[in-house]
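# Commentary on secondary and tertiary structure
The lines below spell out each chain.
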Amino acid sequence: MKRKRHWAVACSLLVAVACKAQYGKICTHIEGEVADTAVQVIRVRRVDQNNSYIYTDTIPYANGRFSYDIHTAKPAVYSICAYNKRWIGRAVDFFAEGDTVRMRFVPDDSPKWCSASPLNKELLRVNGMTDSISLCYRARFAKYADYDSLSEAERKEYKALSDSYHGLIKAFRLGYMRKNPGLVGLFMLFEWGERFYDDSVAVSEVASIYDDVYAGKFPGFHLSKYMKQWRASQSVKVGGRYVNFTAPDLEGNYHKVSEEIKGKVALIDFWASWCGPCRRHSRSLIPVYEKYKDRGFTIVGVARERDAEAMRKAIGRDKYPWLNLIELNDRIKLWNQYGIRGGGGTFLVDRNGIILAVDPTAEEVEAILREVL
């Protein structure tokens, strides 16, 4: 048994060495097993943005197994997610730092994974401590499994237990991030900001820890850039200033937004060809634009695309009469800079660049224009 184990370790080391020699970079080798027959697709991405729907590659698998090599210049956080036919997925998030990562997707449970690299060992240790807290509460939660049949008193008991559990998890993880200012802590901070983006208290705590502990640290780590943009995006709100940027149109001509909206009340409209609600909202603004465009109002659209042709077709169908720029493959990271969740968002700004409204309806835009123009 020991010989087999030593042989497996030796093979893993040989794979890593061969990858480094061939590519001159860090190579992280993935060995995966799929024990869940519901899995249809396995995808991989680098974790550095709030667009979890964008995966860089699809990993082929056969007979319940797959392997994949990730090549990076520096250690980075990656995610491998197994999806069922309804596109419900379960993911493994890990550090790609030159080791072999083994993972197993099983039915009705979290994926199992292991790695001997220092960052992954620490991440697994911290996750294990969180799991221990969950295990302690599992038996106590079982009493309230059939929530619909609970009495009013029992529901209050359940809420108190739930608050206690989440409070303990929160205290542990926030305490770890603050007291352990390393890459694992920074990754956890990123996760916390992503998971609780609509919780103003949680966002404030993340911002506080970032400012006190992580700001300016680890400049070569990819999540540092994201968190810096995330922190700046907290000021992109009513009363704050919009973020200026330069982006190309479909002909490849670059436009600086501050020049396009100078001296005007403007709506910056972030949308995407694949986002139905975004496009419906943009179409609803056409009458408002036509009515006020000669009175000091303008719109600049920005489409988030992986394919410029899809944007071209969408504009052809929807007939937007204003300038539209493209954010291709998140090169500028505009959605991060503006703190936009999902497909899109709109920001109405005055002549001085102060944000008057975030995600206003067409009716609300017109009401504001009547007042300020």
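Data block above holds the structure.
Below is a short write-up of the structure. Computed from a predicted structure; not experimentally measured.

Cut-offs and rules
- Residues numbered from 1 in each chain as written.
- Predicted model: local features only at pLDDT ≥ 70, side-chain atom pairs only at ≥ 80, totals over all residues.
- Heavy atoms only, no water.
- Phe/Tyr/Trp six-rings, centres within 6.5 Å; stacked < 30°, edge-to-face > 60°.
- Helix = DSSP H or I, 4+ residues; strand = E, 2+ residues; numbered from the N terminus.
- Buried < 20%, exposed > 50% of the residue type's maximum accessible area, 1.4 Å probe, protein only.
- Arc of directions from axis to C-beta.
- Contact = heavy atoms within 4.5 Å.
- Polar contact = N/O pair within 3.5 Å; in protein donor to acceptor, adjacent residues only side chain to side chain.
- Disulfide = S-S within 2.5 Å.
- Pairing = 2+ DSSP bridges.
- Axes fitted to C-alpha atoms, helices over the stretch in contact; angles between N-to-C directions.

## Examining the packing of aromatic side chains
Overall, the coordinates contain 21 aromatic pairs when judged by the stated rule. Between F95 and F221, the aromatic rings sit 6.3 Å apart at their centres with planes inclined by 20 degrees, giving stacked as the arrangement. Of the two residues, F95 sits in strand 6 (residues 89-96) while F221 sits in the loop between helix 5 (200-214) and helix 6 (222-233), which places them 126 residues apart along the sequence. Judged by relative accessible area, F95 falls into the buried class, the value being 0%. Of the residues examined, F221 reaches a relative accessible area of 6% and is grouped as buried. Judged by centre distance (5.0 Å) and plane angle (80 degrees), the ring pair of F190 and Y226 falls under edge-to-face. A residue pair is termed long-range when its members are at least 10 positions apart, and F190 in helix 4 (residues 183-195) and Y226 in helix 6 qualify at 36 residues. Summarising the burial analysis for this pair, F190 and Y226 share the class buried. An aromatic cluster of at least three residues, connected via ring pairs, comprises Y137, F141, Y144, Y147, Y158 and Y165.

## Thoughts on helix 8 (residues 276-284)
Those residues of helix 8 that sit buried are C278, R279 and S282. Buried residues of helix 8, seen end-on, are gathered within an arc of 95 degrees and therefore sit on one face of the element. Next to the buried residues of helix 8 lie strand 11 (265-271), helix 9 (286-292) and helix 10 (308-318).

## Overview of the side chain of T72
Secondary-structure assignment places T72 in strand 4 (residues 65-72). A distance of 3.0 Å separates a polar side-chain atom of T72 from the backbone oxygen of K74. For T72, the contacting residues outside a window of four places in its chain are K25, I26, Y78 and A96.

## Re the state of the cysteines
As enumerated under the stated definition, the model contains one disulfide in all. With a sulfur-sulfur separation of 2.2 Å, C275 is cross-linked through a disulfide to C278. Disulfide C275 to C278: torsion about the S-S bond roughly 70 degrees, handedness right-handed. Of the two residues, C275 and C278, both sit in the buried class. There is no disulfide at C81, and the cysteine sulfur nearest it, in C114, is 19 Å away. What makes C81 buried here is its relative accessible area of 5%.

## Here's the deal with the sheet that holds strand 4
Across the sheet, four strands lie side by side as 4-1-7-8; this open sheet has mixed pairing. Whereas interior strands pair on both sides, the edge strands pair on one side only; in this sheet they are strand 4 and strand 8 (112-114). When the angles between neighbouring strand axes are averaged without regard to direction, this sheet yields 15 degrees. Across eight bridges, strand 1 (residues 26-34) lies against strand 4 in antiparallel orientation.

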